[in-house]
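Structural overview
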Amino acid sequence: MFKCNDEFTLDPSIRSISYDSLHSSLTTTSEFDLDIVEVDSPYLFSASPDRFLGACNGLVCMMFQSVNRVVPFLCVWNPPTRECRKIPKSRNEVKKGYVCHYAFDYDYKIDDYKLVKVVQKVGSKDGSLVEVYTLGKNSWGSIQMIPYMFHLLPYSSINQPGVLVNGIRHWLGKSNVQGQDFSKVIVSLDISNERFEEMQLPKELLEKDFLMTVGVLEGCLCAVVAVVFMRVEVWVMRNYGYRESWNQRFVISQELVTKNPFLRLIWCFKDGKILFKTSTSLVLYDPKQESCTEPRIRYLRELFEVENYVESLVSLKFGIRARRKKNGPTGKTIIEKRSKKNKKSVCY
């Protein structure tokens, strides 16, 4: 999923790009050989899409901003079926000086979907407040405190939804479970029992304060570590849950990657190529050739948010019907949200 700016669109919009098109565009001579499909948001006239909070089994969870920009609200919707549901307001409000993390996942034990909201105060060592919304009940559960703080991205009050490995959600965070100073760990969440735990990073990554994100590489949990302007290391946990199984898989020194300190691993193709999200664009890394390519997408100037999405016919049962202009491609896709500066202000 993208949030980006382009040269022609004045209002926020949502678009999808298939991974097949993205990959094939890098092997052809055409700069813009991409299958880009426009999708109408579920609230065409009353609100605009503001942020993507997660996607699961074809359902997309988003934050919308009302036209008067007074109160944002959350929504779960299915673009192909055009169903959507507005989520009731949470009691766990995000106040000034606080940041929020979301995760949207499927709970196989109850055959339902849940949205997890984690709120933490910047600079606090008190841990975080957690609240869980269940789609079938259309309600939020009780608020609990956890002894973890989550990694913050610069200039954002709503951070990344984490990565899913073995049905468990993972974030980069810090722990004070022992009641001591926070230590850097990977925080995991089993959505079925709503229980948070921690996993240890390789000892080599704790020695210095590296810039780091978590990702998924060939089905394994990985850490992308940036030594700014020098190299990027990709570490992989080969045996899930065992600290000793961490090993350094790649060291990337190409400037297209090293000049961007905030990297996120988005996708791994069958031929071994890896798609990264930088602060403003996408970069494809080929480990065999040790080369990097920056795909160019027509009219796209800056890229801010990216998330994976797969179409499905999962029904929300109850909700309003949203309009859509075109059907999107099947298979793995990326949804993008984009806007353009006008003479007075930026749309976001």
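Note that the coordinates shown come from a computational prediction; the quantities given were computed from them, not determined experimentally.

Side note on the packing of aromatic side chains
Each aromatic ring pair is characterised by the separation of its centres together with the angle its planes make. This structure, assessed with the given rule, holds 8 aromatic pairs. Plain terms: the ring middles of Phe-64 and Phe-73 are 5.7 Å apart, the flat faces sit at 15° to each other, and that makes the pair stacked. On the basis of relative accessibility, which here comes to 0%, the residue Phe-64 falls in the buried class. Classification of Phe-73 as buried rests on a relative accessible area of 14%. Ring geometry for Phe-104 against Tyr-113: centres 5.9 Å apart, planes inclined by 20°, an arrangement best described as stacked. Tyr-113 shares its class with Phe-104; the two are buried. Feature note: the residues Phe-104, Tyr-106 and Tyr-113 constitute an aromatic cluster, connected by ring pairs. When the ring centre of Phe-73 is taken as reference, the NZ or CZ atom of Lys-86 above it lies at 4.5 Å.

Considerations on the sheet that holds strand β22 (residues 246-252)
Strand order in the open sheet made by the 4 strands is β19-β20-β21-β22, with antiparallel pairing throughout. The open sheet is flanked by β19 (211-217) and β22, the only strands paired with a single partner. Strand after strand, the sheet turns through a mean of 25° between neighbouring axes, direction not considered.

Some thoughts on the sheet that holds strand β26 (residues 291-293)
If you trace the 4 strands from one edge of the open sheet to the other, you get β23-β24-β25-β26, paired in antiparallel fashion. Because the sheet does not close on itself, it has two edges, and the strands there are β23 (264-268) and β26. The mean angle between the axes of side-by-side strands here comes to 30°, regardless of whether they run parallel or antiparallel. Inspection of the sheet shows strand β24 (residues 274-277) paired to strand β25 (residues 282-286) by 4 bridges, in the antiparallel sense. If you follow Lys-277 over to β25, its bridge partner there is Leu-282.

Side note on the pattern of salt bridges
Within the structure shown, the criterion is met by 10 salt bridges. When the shortest N-O distance is used, the salt bridge between Glu-93 and Lys-89 registers 3.8 Å. Take Glu-93: its relative accessible area is 42%, and that puts it in the partly exposed class. Across the pair Lys-114 and Glu-194 runs a salt bridge whose closest N-O atoms are separated by 3.0 Å. Of this pair, Lys-114 sits in strand β9 (residues 112-121) while Glu-194 sits in the loop between β17 (183-190) and β18 (195-199), placing them 80 residues apart in sequence. The exposure class assigned to Lys-114 is buried, which follows from its relative accessible area of 4%. Residue Glu-194 is classed as partly exposed on the basis of its relative accessible area of 29%. Sharing partners across several salt bridges, the network here consists of Asp-107, Lys-114 and Glu-194.

Rules behind the numbers
Residues numbered from 1 in each chain as written. Predicted model: local features only at pLDDT ≥ 70, side-chain atom pairs only at ≥ 80, totals over all residues. Heavy atoms only, no water. Phe/Tyr/Trp six-rings, centres within 6.5 Å; stacked < 30°, edge-to-face > 60°. Buried < 20%, exposed > 50% of the residue type's maximum accessible area, 1.4 Å probe, protein only. Lys NZ or Arg CZ within 6 Å of the ring centre and 35° of its normal. Pairing = 2+ DSSP bridges. Helix = DSSP H or I, 4+ residues; strand = E, 2+ residues; numbered from the N terminus. Axes fitted to C-alpha atoms, helices over the stretch in contact; angles between N-to-C directions. Salt bridge = Lys/Arg side-chain N within 4 Å of Asp/Glu carboxyl O.

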